[in-house]
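Structural overview for review
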Amino acid sequence: MVELRHFRAVVAIAEEGNLTRAAERLGIQQPPLTRMLRSCEEAMGVQLFERHAKGMRLTAAGRSMLKGAYDILDRVDETVEDVRRVVRGESGELSVGFTNSAMCHPSLPAVLGHFRESWPDVTLSLTEGNSSQLLGALRDDLVDVAFVRASIPDVSDVMVELILEEPMVVAVPRAHPLALNPPAEGLRLADLENEDFILYQSQYNNGLYKTIVDACLGAGFMPNIRQKGPQLMAALSLVAGGLGISVVPHSMQQHHAGQITYIPLSSRTALTAPVYLVYRSVRMTGAKLYFIHQARQMWTRQFGVSKAAS
């Protein structure tokens, strides 16, 4: 059976023209090299070299073998380098998961665009889902990193980083009295006590749903939740249809702009919507590390300080 070491031996002998020098080049003694050459010739049933006074000379079969050896060894070197580039994160694929509402924040598409420019040989694969689905994909190695709105439960080797927060606004149908006469100083949550709420039900009881309900309870009332949308976009569609109001992240204001009026909350109402970056602390390639670094830069742009220092 012809092995890779036989190809390396043929190349060394052909280029050196001498068994002793070829053996030194390969880091072995001459007798093992002689046996290696003999086993290669016996496996192929041909003579690759002729001995002459000045050393070793290729036969016609040997010249054909040498050409193929160069091609094979080049392919091996290329394959090894390709594997190393994948490990370094210079090529391959990076899978990014996101919830629909998280991707609505303009910083996240900007991070994807910047990464594509900086790492053109890395293919970006995008996956949309809710927080529960993305956590499962992360643990099954189907997703490398993910952006979610709800902080996920404490899970071994899964890292959760808060990368930005944004204010929340009240979404009301365009014909709603609040839309026709919004308070100049912004809405207080108490102003919404008698309204029908349409909220997004998170898979975990610590997302935007819980944030809004807890804030309303703090304002002295339990919100009248008329509908629970499967996601924020669905909740906004119900608001646009006149079924009630909702409280959503500021970056969602681009949706249903002709049917919904978005009203700021008063400065005393400290309601914010977070975006978390989640990833497993394994297989930290160069591309993955760079992507995480870029996501952290959103925190710096949002708050003017580095996350590590806060």
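This text goes with the structure placed above it.
The model shown is predicted, which means the values in this text are computed figures rather than measured ones.

For the chain, the count of helices and strands is eleven helices and eleven strands. Dimensions of the chain, computed from the C-alpha atoms along their principal axes, are close to 105 × 40 × 30 Å. The proportion of buried residues among the 310 residues of the chain is 45%. The long-range fraction of contacts in the chain, counting pairs at least 24 apart against all pairs at least 6 apart in sequence, stands at 72%. Put simply, the chain shows about 15900 Å² of open surface, and 50% of that area lies on carbon and sulfur atoms. When the 30 positive and 32 negative side-chain charges of the chain are each reduced to one mean point, those points stand 5 Å apart.

Helix length check: helix 3 (residues 30-44), at 15 residues, gives a terminal C-alpha distance of 21 Å against a target of 21 Å (1.5 Å per residue), a fit within 8%. Looking one or two places after helix 3, you find Gly 45, whose phi comes out positive at around 75°.

The next point concerns empty space enclosed by the protein. Tallied over the full model, the rule gives one cavity of 30 Å³ or more. There is about 30 Å³ of room inside the largest cavity. Around the largest cavity sit Leu 199, Tyr 200, Leu 208, Tyr 209, Ile 212, Leu 232, Ser 246 and Val 247, which together line it. Counting residues per element, the ones that place at least two in the lining of the largest cavity are strand 7 (196-200), helix 9 (208-218) and strand 9 (246-249). Of the residues in the lining of the largest cavity, the class split is seven nonpolar, one polar and no charged.

To continue, consider the side chain of Glu 166. Inspection of the secondary structure puts Glu 166 in strand 6 (residues 158-173). A distance of 3.4 Å separates a polar atom in the side chain of Glu 166 from the backbone nitrogen of His 250.

The relative placement of two packed helices comes down to the angle between their axes together with the axis-to-axis distance. Put simply, helix 1 (residues 4-16) and helix 2 (residues 19-26) touch, their axes get as near as 8 Å, and they point 130° apart. Overall, the two elements helix 1 and helix 2 adopt an arrangement that is oblique. The way helix 1 lies across helix 2 gives a crossing that is right-handed. Of helix 2, the residues touching helix 1 (which contributes Arg 8, Ala 9, Val 11, Ala 12, Ile 13, Glu 15 and Glu 16) are Leu 19, Arg 21, Ala 22, Arg 25 and Leu 26. For the contact of helix 1 with helix 2, the residue count by class is seven nonpolar, no polar and five charged.

The next thing to look at is the packing of aromatic side chains. Taken as a whole, this structure holds six aromatic pairs when the rule is applied. Ring centres of Phe 115 and Tyr 290 lie 6.4 Å apart, and the angle between their planes is 40°; this geometry places the pair in the tilted category. Remark: Tyr 290 occurs in helix 11 (residues 286-303) and Phe 115 occurs in helix 6 (residues 107-118); sequence separation between them is 175 residues. Aromatic pair Phe 115 and Phe 291: ring centres 5.5 Å apart, planes at 75°, arrangement edge-to-face. Taken together, the positions of Phe 115 in helix 6 and Phe 291 in helix 11 put the pair 176 residues apart, joining distant regions of the chain. In this structure, Phe 115 and Phe 291 share a single accessibility class: buried. An aromatic cluster is defined as three or more aromatic residues linked by ring pairs; in this entry it consists of Phe 115, Trp 119, Phe 147, Tyr 290 and Phe 291.

Moving on, we come to the nonpolar core. With 38 residues, the main nonpolar core has Val 170, Leu 189, Leu 192, Phe 197, Val 247 and Val 248 as its most contacted residues. Counting 24 residues, the second largest nonpolar core, distinct from the first, contains Phe 98, Leu 124, Val 145 and Phe 147.

What follows is about the pairing of strand 11 (residues 272-280). Two faces, one strand: in a regular strand the side chains alternate between the faces of the sheet. A large share of strand 11 lies buried, amounting to eight of its nine residues. In this sheet, strand 11 lies alongside strand 5 (residues 145-148) in antiparallel orientation, the contact comprising four bridges. Counted as the bridge partner of Val 145 is Tyr 279 from strand 11.

Here we take up helix 1. If you check helix 1, its first and last C-alpha atoms are 19 Å apart, about what 13 residues at 1.5 Å a residue would give, namely 18 Å. Within the sequence span of helix 1, burial applies to His 6, Phe 7, Ala 9, Val 10, Val 11, Ala 12 and Ile 13. In the stretch just after helix 1, Gly 17 is the one whose phi turns positive, near 70°.

This part is about the side chain of Asn 130. Looking at where Asn 130 falls in the secondary structure, it is placed in the loop between strand 4 (122-128) and helix 7 (131-139). A relative accessible area of 19% places Asn 130 in the buried class. Looking at Asn 130, its side chain comes within polar contact range of the main-chain nitrogen of Gln 133, at 2.7 Å.

Calculation rules
- Residues numbered from 1 in each chain as written.
- Predicted model: local features only at pLDDT ≥ 70, side-chain atom pairs only at ≥ 80, totals over all residues.
- Heavy atoms only, no water.
- Helix = DSSP H or I, 4+ residues; strand = E, 2+ residues; numbered from the N terminus.
- Buried < 20%, exposed > 50% of the residue type's maximum accessible area, 1.4 Å probe, protein only.
- Contact = heavy atoms within 4.5 Å.
- Areas by Shrake-Rupley, 256 points an atom, 1.4 Å probe, with all protein chains shown as cover.
- Lys, Arg positive; Asp, Glu negative; His and termini not counted.
- Charge placed at Lys NZ, Arg CZ, Asp CG, Glu CD.
- Expected span 1.5 Å × (residues − 1).
- 1 Å grid on protein atoms, 1.4 Å probe; cavity = no way out; pocket = protein on both sides within 12 Å on 5 of 7 lines; lining within 4 Å.
- Points joined across faces, edges and corners; volume = space filled by probe spheres on them.
- Nonpolar A, V, L, I, M, F, W, Y, C, P; charged D, E, K, R; others polar.
- Polar contact = N/O pair within 3.5 Å; in protein donor to acceptor, adjacent residues only side chain to side chain.
- Axes fitted to C-alpha atoms, helices over the stretch in contact; angles between N-to-C directions.
- Parallel < 35°, antiparallel > 145°, perpendicular 65-115°, else oblique.
- Left-handed = near helix turned anticlockwise from the far one by under 90°.
- Phe/Tyr/Trp six-rings, centres within 6.5 Å; stacked < 30°, edge-to-face > 60°.
- Core = buried A, V, L, I, M, F, W, Y, C linked by side-chain atoms within 4.5 Å.
- Pairing = 2+ DSSP bridges.

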